[in-house]
Amino acid sequence: MKLKAFLIFLILSSILSSCRKEERELIQTPEDEILEANTNIASLIRRTASNDGSLDNIVDKANCFDIAFPYTVNVNGVDIDVNSASDYAVIECVFDQSEIDNTLNIEFPITIILSDYSEVTINTLEEFESYTDSCNAENEYDDDIECIDFTFPIEASIFNPNNELLETITIENDNQLFDFIDDLDEDTITTFNFPLTLILFDNSEVVINNFDELEIVIDYSISLCDEDDDYDYSDDDCDDCTISEIESLLTSCSNWNVNRLKRNAIDYDNAYYNYDFNFFSDGTMSVYWSSIIEYGTWTASGSSNNIEVIINVPALPLCNNNWILQEIKNCTDETEINFVVGDDDRIQYFNNCN
C-alpha cells in the first residue's frame, strides 16, 4: 500500500509540475501576443469576423443582415428557390431578361442572420421592413470589415489565474471567432497560436506573427477595397472573370454576332446585322458578311473588372475600341459578352455556343 501511495504521489506531482510549467509559459508570453478584452485589436477582430449582410442585396437591399437558406422568392412572376449564393445569379438572369421594371417578392416566413450571427424569424413584410429600415443606407459607413479575412482553423489558449485552469480551443470559422471575442474575460489571459494567415480582397496572403502586426494590418485594410454595400446587382459581374476565360470563350466559339452597339451615346444596334466575328488564338480575327471578309486583331489584358480587350478591324471602325469587359452572361442557351467604355460606348457579342 505504501508503494502504491508513493506512485500516486509521483504521478500527481508530475501532472501538477507540467501544468505549472504551461501556466508559467503562458503568463510569460510577450505582451504583443496577449489578447485583452475591450481593446482596439479585439474590436478589429470582431468587426472582421462579423456577418457581412451585403452579399444578398439583390434580394433584401439590406447591408446589416442576410437571409438564411433555403427560402423562395418570386421574381417577375417566376418562383425561384434560393438554396445557396449561386442562386443570386439565377435571380439576376431573370432581371436581365426583362424589358419592364423588375419585381421581387419574398415568401415568408424567413430567418434572417444579423451581424452578430443571431437569428430572427420574420413572418410578415412589415416585420421584414422594420429590419431593413434599421440598416444603414447604400454605401454608408458600417462596422463590418470586408477587405480582409482570417483563414481557419485558429488555435487559442486561455489561462484563468483565479481557478488556475488552462484551456486550448480551436476556432473553425468567423462565427466562432466573433463569439470568442465577445466572450473575452478581463480575468483571463488569452493568446493565439501564431503565425496566422489572412487573405486580402485581391486574394493575396499576409502572415501575422503577433497582435501588434494584426492590428496594423487590419486597420490598414479597412479602406483598401470597395465593400460593395450598394444595391446595384450588376456592377460586379466580372469579379471572378479571368483572361483565360474570355480568351477561351472567344476562340472556342465561332461566328459571334453583335446585337447591341452604342458609340458616343448613339445606338447602332443593326450596324453589323448578320456579320460573323471570329477570334483566333494568335491574336487575329476575321469578320464575314455578304461574301465579304475583313481581318483585324484583338488582345486581352488585365484581371476581374479591369479586363481590357482591344479590337481593331480597320474596315469596321464602329467595333474598334479599348473595350472593358463588363459581364459574361449565359443565363440561357445563348452566351452574351458585354464590353463597355464609360457610359457612352458599349458592344455586346452573342453566340449559341454555350
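Keep in mind the model is a prediction, meaning the values are calculated, not measured.

Moving on, we get to helix α6 (residues 174-182). All of the buried residues in α6 are L177, F178, F180 and I181. Relative to the axis of α6, the buried residues are bounded by an arc of 160 degrees and lie together on one face. Contacts from the buried residues of α6 go to α2 (40-49), β7 (148-150), β8 (154-160), β9 (165-171) and β10 (189-192). Sitting at the head of α6, N173 places a side-chain oxygen 3.2 Å from the backbone nitrogen of N175.

Another aspect to go through is the packing of aromatic side chains. Applying the stated criterion to the full structure yields 16 aromatic pairs. For the ring pair Y117 and F178, a centre distance of 5.8 Å and an interplane angle of 70 degrees mean the geometry is edge-to-face. Placement of Y117 in the loop between β5 (110-114) and β6 (119-122) and of F178 in helix α6 is noted, with a sequence separation of 61 residues between them. Among the residues examined, Y117 registers a relative accessible area of 19% and is labelled buried. With a relative accessible area of 2%, F178 lands in the buried category. Taking 4.9 Å as the distance between ring centres and 85 degrees as the angle between the ring planes, the aromatic pair formed by F194 and F211 counts as edge-to-face. Of the two residues, F194 is situated in the loop between β10 and β11 (196-200) and F211 in helix α7 (residues 211-221); the sequence distance between them amounts to 17 residues. Aromatic rings pair up to connect Y272, Y275, F277, F279, W289, W298, F339 and Y349 into one cluster.

We now examine a nonpolar patch on the surface. A surface patch of nonpolar side chains, about 330 Å² in accessible area, is lined by F201, Y220 and L224. Along the chain, L224 turns up in the loop between α7 and α8 (243-252). On the basis of relative accessible area, L224 is assigned to the partly exposed category, the value being 30%.

What counts and how
- Along each chain, the written sequence defines residue order, and numbers are assigned to residues from 1.
- Confidence filtering applies because this is a predicted model: local features only for residues at pLDDT of at least 70, side-chain atom pairs given and counted only at 80 or more, and all residues used for totals across whole chains, interfaces and linings.
- Excluded from the side-chain calculation are hydrogens and water; included are all heavy atoms of the structure.
- For every residue, the accessible area (1.4 Å probe, protein chains only) is compared with the maximum for its type, and the residue is labelled buried under 20%, exposed over 50%, or partly exposed between those bounds.
- Secondary structure elements are defined from DSSP: runs of H or I of at least 4 residues count as helices, runs of E of at least 2 residues count as strands, and each element is numbered from the N terminus.
- Arc definition: it is the arc formed by the directions from the helix axis to the C-beta atoms.
- Contacts: residue pairs with any heavy atoms within 4.5 Å of one another.
- Polar contact criterion, stated in full: a pair of N or O atoms within 3.5 Å, where within protein one must be able to donate a hydrogen and the other to accept it, and residues adjacent in sequence count only if both atoms are side-chain atoms.
- A pair of aromatic rings is counted whenever rings of Phe, Tyr or Trp (Trp by its six-membered ring) have centres within 6.5 Å, and the orientation is called stacked for planes under 30 degrees apart, edge-to-face for over 60 and tilted otherwise.
- Patch membership is restricted to residues that have no salt bridge and whose relative accessible area is over 30%. Joining uses 9 Å for like charges and 5 Å for the nonpolar side chains Val, Leu, Ile, Met, Phe, Trp and Tyr.
- Only the protein chains shown count as covering a residue, and every accessible area follows the Shrake-Rupley method with a 1.4 Å probe.
- Here, a salt bridge means any Lys or Arg side-chain nitrogen found within 4 Å of an Asp or Glu carboxyl oxygen.

Read these as spatial facts, not as claims about activity.
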